[in-house]
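Overview (structure and organization)
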Amino acid sequence: MRIGTVGTSWITESFIDAIGEVAGVELTAVHSRTSEKAEDFARKHGAGHYFTALQEMAKSSQMDCVYIASPNSLHFEQAVAFLKNGKHVICEKPMFASLKEFEGAHRIAEENGVYLFEAMRNLYTPNFQKVKGRLDDVGEVRNVLLHRMKYSSRYDELLAGKEPAIFSRKFAGGALVDLGVYPIAVAVALFGKPLDVKYTPVMLSSGVDGSGTLVLSYQGYVCTILCSKISTSNLESEIQGEAGTISIDNIGSFSNVQCSLRASKGQKWTGESQRENTMTYELESFVQIILEGKTSTYENMKAISREVLAITEAARKQSGIYFEGED
Ligand SMILES: NC(=O)c1ccc[n+]([C@@H]2O[C@H](COP(=O)([O-])OP(=O)(O)OC[C@H]3O[C@@H](n4cnc5c(N)ncnc54)[C@H](OP(=O)(O)O)[C@@H]3O)[C@@H](O)[C@H]2O)c1
């Protein structure tokens, strides 16, 4: 399968590395807004074609699938351009800025007989799958704390008077949609749709949240989600049940997980040793879905993406966080 990329930051380079590690896929085209950068990026990564005009790239016959890693508010228009031209789309998280965009893009994907994936890499890792498969070990779930909190170098730019995309309403930024989506996706994939959603953000001068606490209520327990781009946490995430506790070192990669049982007063199981580049797992799944038509996996992941977006949109709007064009 031939893949093109949109965006030239480190995350695209990481995805290109993943392409190199996964069987049956190759990088054939790249996009950058400037032709010198596009040409350099194509040469550096061995892509045969480069583009500066997105519509031209979308119409090109040089790829079957595109990976989009541009600022969030651009995902919808860019994804639609490729979907309309019969290309599968792998879109970085957060896939879209609103449910309206989500439904519109999926309708276009269906009309054109192609797939539209959200690159929520943590959900495809072996250790997430292990936690999901062995959740019953902790018994009745009673308390969940999931978080993603990492000081962003782009916050320094904001403090210096600039407005980087990730802290901008124009580009659909903010801590909840940038980092909060990792723990929210885990909560939705493990526990389903919450009964209630409450968000308390710490607002920045740019009009988006720099950090915040999201409380998802479930029958019999509460899942607290912490996200931040203006401070860093050294805590582990935890799923606490009446019979034991699962600890997760990093909600974005699930690199180390372990479960300890109350009864045995000790560790019961630990996670697997995973590959360094966790983007390889999601890419393998996307390729399998495309080539083997694994419709139930696709529909399941799509439902999770939709619910995550429903939660972030509701949480944002109840806190008065509106992206440009929404208010
Ligand atoms: N899965 C993960 O672990 C992970 C990690 C980081 C980011 N992400 C996601 O990846 C996406 C990109 O994030 P990022 O931090 O890399 O963003 P970014 O650095 O702001 O932009 C990414 C790329 O988009 C292009 N771009 C920037 N501004 C643009 C504009 N105004 N119009 C059109 N293109 C523009 C640039 O490429 P050119 O200049 O070459 O055109 C740039 O390299 C986001 O959705 C983010 O949430 C995911």
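Helices and strands together make up the secondary structure of the protein, namely 10 helices and 14 strands. What you see for the protein is a C-alpha radius of gyration of 20 Å, in line with the 20 Å of a compact globule of 327 residues. Seen through its C-alpha atoms, the protein measures out along the principal axes to roughly 60 × 45 × 35 Å. In the protein, of all internal contacts separated by at least 6 residues, the share reaching a separation of at least 24 is 66%. Where the 34 positive side-chain charges of the protein centre and where its 40 negative ones centre are 2 Å apart.

Here the focus is the side chain of T5. Here T5 shows up in strand β1 (residues 2-6). T5 has contacts with T12, I16, L27, A29, V30, H31, F41, M57, V66 and Y67, leaving out every residue within four places of it along the chain.

As a further point, take helix α8 (residues 175-191). The end-to-end C-alpha separation of α8 is 22 Å, in line with the 24 Å expected for 17 residues at 1.5 Å each. Bending of α8 peaks at approximately 55° at the position of V181, with proline P183 no more than four residues after it. Extensive coverage of α8 is indicated by the burial of 17 of its 17 residues. Just past α8, the residue G192 takes up positive phi, approximately 85°.

Looking at the protein, pLDDT values average 97 and 100% of them are 70 or higher. When the elements of the protein are averaged for pLDDT, strand β14 (residues 266-270) gives the smallest value, 85, and strand β4 (residues 65-68) the largest, 99.

Right, let's talk about the sheet that holds strand β10 (residues 221-228) for a bit. Ordered in space as β8-β9-β10-β7-β11-β12-β13-β14, the eight strands form an open sheet in which the pairing is mixed. Because the sheet does not close on itself, it has two edges, and the strands there are β8 (196-203) and β14. Each neighbouring strand pair of the sheet contributes to a mean axis angle of 15°, computed without reference to strand direction. As defined by bridge partners, strand β12 (residues 244-248) adjoins strand β13 (residues 257-261) across five bridges and the pair is classed as antiparallel. Its bridge partner being in β13, T245 is matched across the sheet by S260. Where helix α6 (residues 126-133) meets the sheet, its contacts fall on β11 (237-241), β12, β13 and β14, and the angle it forms with β14 comes to roughly 125°. Here α8 sits on the sheet and contacts β7 (141-149), β8, β9 (209-218), β10 and β11; the angle it forms with β10, its principal contact strand, is near 155°.

Now for the state of the cysteines. Summed over all chains, the structure comprises zero disulfides. Summary of cysteine pairing: C227 is not part of a disulfide, and the nearest cysteine sulfur, belonging to C223, is at 12 Å.

Near the ligand, the surroundings consist of 22 residues, among which T8, S9, S32, N72 and K93 are the closest. T8 places a polar side-chain atom, nitrogen or oxygen, 2.5 Å from an oxygen atom of the ligand. The contact in question runs from an oxygen atom of the ligand to an N or O atom on the side chain of S32, over 2.5 Å. With the chains in place, 83% of the 890 Å² that the ligand exposes on its own is no longer accessible. A molecule is said to occupy a pocket when more than half its atoms come within 2 Å of that pocket's grid points, and by this definition the ligand occupies the largest pocket. Listed by contribution, the elements that provide at least two residues to the shell around the ligand are α1 (10-21) and α8. For the shell around the ligand, the per-class residue count stands at eight nonpolar, seven polar and seven charged.

By the definition in use, this model includes 19 salt bridges. Between R43 and E39 there is a salt bridge, with its nearest N and O atoms 3.6 Å apart. With a gap of four residues between them, R43 and E39 both fall in helix α2 (residues 35-45), about one helical turn apart. For R43, a relative accessible area of 56% puts it in the exposed group. Residue D196 pairs with K198 through a salt bridge whose shortest N-O separation is 2.8 Å. One continuous salt-bridge network, built from bridges that share partners, spans E313, R316, K317 and E326.

Moving on, we come to the pairing of β11. Of the two faces of β11, only one is covered, namely that formed by S237, I239 and G241; the face formed by E238 and Q240 stays uncovered. Alignment of β7 against β11, held across four bridges, turns out to be antiparallel. The residue bridging V144 from the neighbouring strand is I239, located in β11. Here β11 runs beside β12; their pairing, made up of four bridges, is antiparallel. Residue pairing for β12: I239 is matched across the bridge by I246. A loop of two residues connects β11 with β12, the two strands running antiparallel in sequence.

Scoring rules and cut-offs
- Residues numbered from 1 in each chain as written.
- Predicted model: local features only at pLDDT ≥ 70, side-chain atom pairs only at ≥ 80, totals over all residues.
- Heavy atoms only, no water.
- Helix = DSSP H or I, 4+ residues; strand = E, 2+ residues; numbered from the N terminus.
- Rg over C-alpha atoms; globule rule 2.2 N^0.38 Å.
- Contact = heavy atoms within 4.5 Å.
- Lys, Arg positive; Asp, Glu negative; His and termini not counted.
- Charge placed at Lys NZ, Arg CZ, Asp CG, Glu CD.
- Expected span 1.5 Å × (residues − 1).
- Bend = angle between axes of the 7 residues up to and from the residue.
- Buried < 20%, exposed > 50% of the residue type's maximum accessible area, 1.4 Å probe, protein only.
- pLDDT = per-residue confidence, 0-100.
- Pairing = 2+ DSSP bridges.
- Axes fitted to C-alpha atoms, helices over the stretch in contact; angles between N-to-C directions.
- Disulfide = S-S within 2.5 Å.
- Near = heavy atom within 4 Å.
- Polar contact = N/O pair within 3.5 Å; in protein donor to acceptor, adjacent residues only side chain to side chain.
- Areas by Shrake-Rupley, 256 points an atom, 1.4 Å probe, with all protein chains shown as cover.
- 1 Å grid on protein atoms, 1.4 Å probe; cavity = no way out; pocket = protein on both sides within 12 Å on 5 of 7 lines; lining within 4 Å.
- Sits in = over half its atoms within 2 Å of the grid points.
- Nonpolar A, V, L, I, M, F, W, Y, C, P; charged D, E, K, R; others polar.
- Salt bridge = Lys/Arg side-chain N within 4 Å of Asp/Glu carboxyl O.

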